[in-house]
Amino acid sequence: MLLYIDPGTGSMLFTILIGVISAGIYGIRGFFMKLKYSSKESVKENKDVIPYVIFSDSKRYWNIFKLICDEFEKRELPLTYYTMSEDDPALSCDYKYVNREFIGDGNGAFARMNFLKADVVLSTTPGLEVYQWKRSKDVKCYVHIPHSVDDLTGYRMFGLDYYDAVLLSGNHISDEIRELEKLRNLPAKDIQIVGLTYFDELAEKIRNNPRKENDKPVILLAPSWGPSSILNRYGSKAIDALIGTGYKIVVRPHPQSKTSEKAMLDSLMAKYPDLEWNFDNDNFDILNRADLLISDFSGVIFDFALVFGKPIIYADTSFDKGPYDAWWLDEEMWKFKVLPELGKQLKESDLDNIKPLLDECLNSKSIKENIEKVKDDCWKCCGESAKNIVDYMVSKRGAFE
Amino acid sequence: MDLFDIIYTIIIGPLKLLFEVIYTLAYYMCSSPGLSIIALSLVMNFLVLPLYAKADKMQEEQNNIEKKLKRGVDHIKKTFKGDERYMMLQTYYRQNNYKPTDALKGSISLLLEVPFFMAAYAFLSNLNVLKHASFGPIVDLGAPDQMLSVFGITLNLLPILMTLINIISSYIYTKGLPAKAKVQLYVMAGLFLVLLYDSPAGLVFYWTLNNLFSLVKNIFYKLKNPKLVLSILSSLVSVIGLLFVIVKHPFTFNQTVLVVAVLLAMQLPLLLYLFKDKLKFKEREDKPADSKIFVLSTIALALLTGLLIPTQLINSSPTEFMNTVTMENPLVYVLSAFCLAFGTFVLWCNVFYNLLGGNKVKRILNYFIVVVLFVFVVDYFFFGDNAGQLSLYLRFNNSLYSETAFKIKNIIIVIFVSLVCLVLYKLKNKFVLILSEVLIIASIILSCVNIYGIGTVINQYKKSLNVNNNDDIVFNLSQDEENVVVFMMDRQIGELVPYIFNEVPGLKEKYAGFTFYPNTISYSNCTKSALPSVYGGYEYTPKEINERSKESLYDKVSESYKVLPMLFGENGFNVTITDVTSGIKDDIFDNLENVTYYNTIGSIQYDEYRGMYDQRLYERLKRNVFCYSIVRCVPTFFQQLFYNFGAYNDVDYYYELVEQENGYSRADHVLTSFMDNYQVLKALPELTNISKDNPKSFTMIYNLTAHDVAILQEPAFEPQRLIDNTDYDKEHEIRLPLFGGGELKISTREDAKTYECNAASLIQIGNYLDYLREEGVYDNTRVIIVADHGWEMDVSGDDPSMMYNPVLMVKDFNSKDFSVDNSFMTNADTPYLACKDIVNEAVNPITGNSLTDVNKKSDDIQHVLYTLEFLNIKSNEYTYSLENGAYWYSFFGNDALNQDNWLKDIK
C-alpha cells in the first residue's frame, strides 16, 4: 500500500500512463523509421558548396529540366544535375557546363541529398522534409518547380510546405499556396511567375511538327484506368456511340490497363479489330493529330487544351481529395473550376446520341475563346520560362553572397 | 547503504523528515496522536496542491491541443497507411508544435506527488505513539477500529467511511467524463476498501482525511469562483474558532496566542480578495529571475549541512561512531546526511522553486535562500557549540543555549546578516554568486580533509582489531608463587563502595582480606592526566609531568605505562598488560622482558544485546547527523524547535526520552561499550590459566565497566534487554553505607547508571576473587583494585571531592579479613603497593628513582588538575594544557572527602 493516493490523482495518473505508453510507442516507431530509411552507405561529404543543383527523382521530369539545363549551358554557368534514374536522358546529353550524376535510386540517394552542400537546389519532387528527403542544413534555398499548370494542392499532404520558393506558370494557384501557409503557420514562400518549361518545350515541338489537316475530325479516346474509367463504366457502349458518329476514332488505353485490366482490354480489342488502337510510347503525335480529346480526368487534358489549343470532353470528375493538401481547403480546386471552360462533360445520357456533343465542341467559338482566356491566366511568360528560371536562381544565389 | 537506499534517502528522506517535524510539533502542541494526524494530512495535501494544480493545467493544455488536432489526426490515420501515415502524422504534429511525448511533462509533476504519499505512509506506518492511543471514538489508532457491530459481527467503520468519501469524490471528479473513467474510479475505490480494510485505524484515518481533502478539492475545481468561496469559508472558520476560543478558553496562554494568530491570519484571503483592486502594486518590469543564484545557494547549503558539518562531527571521534556489529565505516552517516541534505536543498527546494516560480516569487525565494545560507554559515562558524559534550545519540550534555543574552546577540546578528544579504543581493548580485562559489569550494576541500582523517583513523582501528582478535587472551597465574593482579577500573568511585557493599548481599564476604582505603585522592579528573601516576607513581602526577615541559607528553605518558611492566619483568615475573589508552600505541611494550600485551575490551563475543542496540543507534544516526547539522546552523531561538531535547523531531524517540528523563528505572537497551568491558570482567575465570609450571606473575587489567555506564537490572546489577527497576528503586530510594554515616539518594538517570555500573564492576571482580579462592591461589595472590579518578555525581552537588575519589582496595598475600583504613592515600601509591616486598629494589627502572618514596603524600599541598581535555594525546603536546577552563586544585590536609580541603586555584 506504499502507493496509496487520492482518487483524482490516481485517475489522472492512469490517463497519463496511457498517454505515456502511446508516446513511447510513437517514439519507438520513430526510431525504427530512422533505422529503416537510413543509408547503409556512408555519405561522402563534398567539401565544396555547389552553387546550383537540380534534383530529379525520375527521368520522366526531363521534359521539365531540359530547357533549364540548356540555358545553363548557353550561359556557361556550372550546374549539377542529380538524378535517381539510371537511364535519365540527361545523362546521355552532351553538356560542357552541366555536370550530371546518377546518385542511386534508394535511401542512399536521399542520404546524399540530405547532406548536400549547395546554394540553390531546384526540384519538382514534392514532400521535401515529409518523406525520406530532408532539408540539408547546408543548402541555402530549395526552389520548387511544378510539372504541370495543375493545382499544387493536388500534391500529397504537406508536399510543398518545406520549400523556400515556388516558380509558377501563372497567378491561378498562388492563393491556395498562401492559404495553406496561413493555416499551418508557415513562413511565406517566395512565389515567382516564370512560365512552364514543359509547356514551352511542348509548344516548340508543335511548331516544329506542323500537323496535316484531317479529312474528317479525329476523335481521341484516351481514358484513364480503374473501375470508374470510361472503358470500365461504358465499355463497348461508348465505342459504339463514337463509331456511330462516322468520325475517325482512335483509342489510346492507359498503359496500366494493359497489365491491370488485360481481360477487359483484350475482349474490346477482339470486338473492334478495325478500330485504331494507339500504344505509342510518346503521345505527342497522336495528340497533335487529334481534333478532340475524350478523356477521364487526367493531366493530359491541360496539355491538349492549353498547348495544342483544342477542345476536350471530360468524363468523370469524381475526385477523392483525402490524401492531398486540397483536403485542408474549403475552396474548390482550380482545375475543377476551369474544366467547363475547356470543353464539355460526358454524361451517360449523351451516349445515345453523342454526335451533337462532339460537333458542339469541335465548332464552338466560345470554347476556343475560353481556352485562350484560361491559357492567358495560367500560362504566362510563354517561351521564356527557362530564361526566367535561371535568372531567378542566379539572383537568388547572388543575394546570398 | 546500497543504491536503492541512496535514491530513497534523497527523494523520500527529506519529505519524511519534514512530516516528522510537522507531526512532532503538532504532537508537542496538542499531545494528541489523532489531531496530529489531521495536521499532517492538511500540511501534506497543501504541499502537493501546487503539484496537482500544475499537472491539471498541463493536462488541460494537452487535452486542448489534442482536441484541436483531432480532425486532422483522424483524417490522416484514415487516409494513409504504414510508414506514410507515420510520416504524415509526424509532419502534422511538428507543424502544430505538438509532441506526443509531451504527455510525459504533465505526468512528471503528478509523479512528484507519489513520493509525498510514500513518505507520509512510511512515517505513519512505523509510528509507535499510535499504538494503544485513542482518538475520539477510535479506541486504538494502532489496530483496526472495529467500531461497527451489526448482528454480532464486528465491522471496521473507518475503511467503509473512507470508501464512501472516495465514491462521492469520484462521482464529482468524473462528472462529464466518459463512463470508462467512472467505472475505473469506482473499481479503484472498491479495491482500496478490500486492500485497506484491516489496516490500523491511524493509517485509515489518515487516508480518509486525504480522501476528504480530495473531495473538497474536486468540489472546488467544479466551482465557478473557487477563490472567493475559499476566502469566505476561511473567514467563517476563523470567526467560529475565535468565538470558541473566547467562550471556552481551551488552551494555555502560549497555545492561545498561536491559535488566535492563525485564526486571524485566516481572515486575510477574504480581505485580499475584497480589496485586491486597491492593493494593486506597481507592476515592475518582469525580467526573468536569476535562478543560478538559487541553484548555487542550495548546493552550498547541501554541502555545508550534508558534508562539512557531518564530517567534522565524525572526525571528532571516528572510532566512537563505528558500528561495532557490522564494522561499517562511520562515513556511512556522512553519506546518509549528504543524501538528506541533497534531497532537501538541491532536489526539493529546486522542484518547488521551478513549480511555483513566477519571476516575482523567484526573486523573493532567491533572496530568502541567500539569507538562509549566510545565516547558516555565520551561526555554524561563529556561534559554536557551547552546549558541552555530545553523546553518541547526538545529545548535548548541557541544555542548549539557555542564556537570553546569547539569544539576543544571535538575533541581532541574524538580522544584520539578513540586511547585509539584502543590500549585497540588490547591489552586487555577482558578489553573492562568488561568495556561494567560494563556500562550495571551501566546503568540499575541508570535507575532503575530514574524510581523509576519518579514513586514516578507521583503518588503523580496524588493523588493531584484526591483530587483537587473532590473539588468545590468557592470564597466567602461578599456583604456588606470588601473583600480583591490579584492576585499573577507570572512573570507579571509592565513595560508592560502602553503599554497594551494604546493598549487595554477600559482596563483602567475597572481598575478605581486602583493605579499603576510602580516604584516597587522584591527581586529575580524567584519564589522560590521571592515569600516568597510577601506573608510574608520583613522578607522573600532572604537576611533575608539566615540569618536564621539554619532553613530549606522549613520551612521558608512555614512560609511565612501562614502569611496572619493566620492573616486574626484570624481576622474573611473568607480566601481562591490557588495554593502553589515551592514544598511546601498544608497541611501547614490544621487546620488554617477560611482558605480554592484550587488548581485551570488546574482544569477548556476545550476542544477546548488541545487535538490537547497534541497529537502533545506526538508524538514528543515519537520520540525525543531518538534523544535528541543521540544529548547529539555525539561529539559536529556533534550535530547540529542531533539537527538542535530542529527539530531533523523532516523535517516538521524544516520547521515549520524556519517559526516560522522567525516571531512571527503565531502559530498553544497554550501551555497547559497557558490554565490551563488562564481558571481560565476566569472562576472567575462563581467561585465567593457573598452573604450577607458571612462574610468579604480574597482571594489570585496564577496564571501563564503571566508565561507560548504563542502566542495569537490579538487584543483580546485570545487563538485560528490557530493564525495569521501578519497584526495586522505590524500595531503595535511600541507600546507606556499610559503616554508617551518610546516605545516598539517587534521583537522576546518570547517577543511577554510575551507581549500578560501579556495583556491577565490584560484583564481577568479587566473582573472580571467588574463583581464585576455589583454585587455591587466593592467598598467594595480591589484588589491587584502583581507579584513575572518581566522578562527579549529581548527588554530590558542588562538592568536588567525589570527582577525585578513586577506588583503592588492596588484598595482600595471606590476608584474611576485610578492613577499612582511613589513612590518607593517593592512587599514585599503586606502584609502590604492587611491588612492595616482592621486588628487590622498588625503583622506577627508567628514571632510577625510588617507588617507595611516600613522603610526597605528606606534603602540605597536593596539586590536582581539573581539565576538560580528555581526547587522545597529540604529537604536538608537551604538557597538560591549562587553557579551555582547566585549573589546579590545591588539596590541603589529609581528608579527601572533606570539601573544605579542596581549593580552586585562581590565577
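Residues numbered from 1 in each chain as written. Chains lettered and ligands numbered in written order. Predicted model: local features only at pLDDT ≥ 70, side-chain atom pairs only at ≥ 80, totals over all residues. Heavy atoms only, no water.

Q: Looking at this model, I keep getting lost on the overall build of chain A. Mind explaining?
A: Along chain A, the regular secondary structure elements total 16 helices and 13 strands. For chain A, the residues scored as buried account for 53% of the 401 residues in total. A separation of at least 24 residues holds for 68% of the contacts in chain A among residues at least 6 apart in sequence. Surface accessibility of chain A: about 18700 Å² in total, with carbon and sulfur atoms responsible for 51%. (Helix = DSSP H or I, 4+ residues; strand = E, 2+ residues; numbered from the N terminus. Buried < 20%, exposed > 50% of the residue type's maximum accessible area, 1.4 Å probe, protein only. Contact = heavy atoms within 4.5 Å. Areas by Shrake-Rupley, 256 points an atom, 1.4 Å probe, with all protein chains shown as cover.)

Q: Would you mind showing me how to read the sheet that holds strand 20 (residues 887-892) of chain B here?
A: In a beta sheet, neighbouring strands pair by backbone hydrogen bonds and run either parallel or antiparallel. Residue and element names in this part refer to chain B. Taken together, three strands build an open sheet; the order of strands is 19-20-21 and the sheet is antiparallel. Each edge of the open sheet is held by one strand with a lone partner, namely strand 19 (861-866) and strand 21 (902-904). Direction aside, neighbouring strands of the sheet carry axes that sit 30 degrees apart on average. Pairing of strand 19 with strand 20 involves six bridges; the strand directions are antiparallel. Residue pairing for strand 20: H863 is matched across the bridge by S890. (Pairing = 2+ DSSP bridges. Axes fitted to C-alpha atoms, helices over the stretch in contact; angles between N-to-C directions.)

Q: What should I look at first to understand the nonpolar core in this one?
A: Taken as a class, soluble globular proteins show a tendency for nonpolar side chains to be buried jointly. Ranked by internal contacts, the top residues of the largest apolar core, which has 141 residues, are A:F65 and A:L122. By residue number, the principal contributor to this core is helix 12 (residues 300-307) of chain A, which donates seven residues. If near-sequence neighbours (up to four positions away) are discounted, A:L122 is found in contact with A:V53, A:I54, A:F55, A:F65, A:I68, A:V143, A:I145, A:L167, A:I389 and A:M393. Counting residues in hydrophobic clusters, the runner-up holds 69 residues, among them B:L303, B:F374, B:V377 and B:F383. (Core = buried A, V, L, I, M, F, W, Y, C linked by side-chain atoms within 4.5 Å.)

Q: Got a minute to help me understand the confidence of the model for chain B in this structure?
A: Close inspection of predicted coordinates is inappropriate for parts of the model with low pLDDT. Predicted confidence across chain B gives a mean pLDDT of 86, with 91% of residues reaching 70 or more. Of the two predicted TM-score estimates for the complex, the pTM is 0.61 and the ipTM is 0.90. (pLDDT = per-residue confidence, 0-100.)

Q: It is not clear to me how the pairing of strand 11 (residues 292-295) of chain A should be interpreted in this structure. Could you clarify?
A: A regular strand places its side chains on the two faces of the sheet in alternate fashion. All names here are of chain A. On strand 11, burial covers both faces: L292 and I294 on one face and L293 and S295 on the other are all buried. Pairing of strand 11 with strand 12 (residues 312-314), which is carried by three bridges, proceeds in the parallel orientation. Across the sheet, residue I294 finds its bridge partner in strand 12, namely I313. The parallel pair strand 11 and strand 12 is bridged by helix 12, and the resulting crossover is right-handed. (Right-handed = clockwise from strand over helix to strand, strands pointing away.)

Q: What is the right way to read unusual backbone geometry from this model?
A: Note on backbone geometry: most residues besides glycine have negative phi, and most peptide bonds are trans. Across the junction of B:E714 and B:P715, the peptide omega takes the value 5 degrees, indicating a cis bond. You can see B:P715 is positioned in the loop between strand 11 (697-703) and strand 12 (723-724). A positive phi is found at A:E129, a non-glycine position, where the angle reads about 75 degrees. One can find A:E129 in the loop between strand 4 (118-123) and strand 5 (139-144).

Q: Would you explain the packing of helix 1 (residues 3-11) of chain B against helix 2 (residues 13-30) of chain B in this entry?
A: Each pair of packed helices can be summarised by the angle the axes make with each other and by the distance between the axes. Residue and element names in this part refer to chain B. Across the interface, helix 1 lies against helix 2 with an axial gap of 3 Å and an inter-helix angle of 45 degrees. Comparing the axis directions of helix 1 and helix 2 gives the class oblique. Of helix 2, the residues touching helix 1 (which contributes Y8, T9, I10 and I11) are G13, P14 and L15. Here the contact of helix 1 with helix 2 is built from residues that sort into five nonpolar, two polar and no charged. (Parallel < 35°, antiparallel > 145°, perpendicular 65-115°, else oblique. Nonpolar A, V, L, I, M, F, W, Y, C, P; charged D, E, K, R; others polar.)

Q: Which parts of the structure should I look at to understand the sheet that holds strand 8 (residues 218-222) of chain A?
A: Residues and elements named next belong to chain A. Strand order in the open sheet formed by six strands is 10-9-8-11-12-13, and the pairing between neighbours is parallel. Strands with a single pairing partner mark the edges of an open sheet, and in this sheet they are strand 10 (276-277) and strand 13 (343-345). Against the sheet, helix 12 engages strand 11 and strand 12, with an angle of about 160 degrees to strand 11.

Q: Would you explain empty space enclosed by the protein in this entry?
A: Over the atoms, a rolling probe the size of a water molecule traces out where space has been left empty. Residues and elements named next belong to chain A. In total, this model carries seven cavities of 30 Å³ or more according to the counting rule given. A volume near 90 Å³ is recorded for the largest cavity. Lining the largest cavity are L152, T153, L160, D161, E176, I177, L180, E181, L186, K189 and D325. Here the lining of the largest cavity is built from residues that sort into five nonpolar, one polar and five charged. (1 Å grid on protein atoms, 1.4 Å probe; cavity = no way out; pocket = protein on both sides within 12 Å on 5 of 7 lines; lining within 4 Å. Points joined across faces, edges and corners; volume = space filled by probe spheres on them.)

Q: Looking at this structure, how should I read helix 10 (residues 226-248) of chain B?
A: Residues and elements named next belong to chain B. For helix 10, which comprises 23 residues, the first-to-last C-alpha distance of 32 Å matches the rise-based estimate of 33 Å (1.5 Å per residue) to within 8%. For helix 10, every residue scored as buried is listed here: S231, S234, S235, S238, G241, L242 and V245. After helix 10 finishes, the residue H249 shows a positive phi value of roughly 45 degrees. (Expected span 1.5 Å × (residues − 1).)

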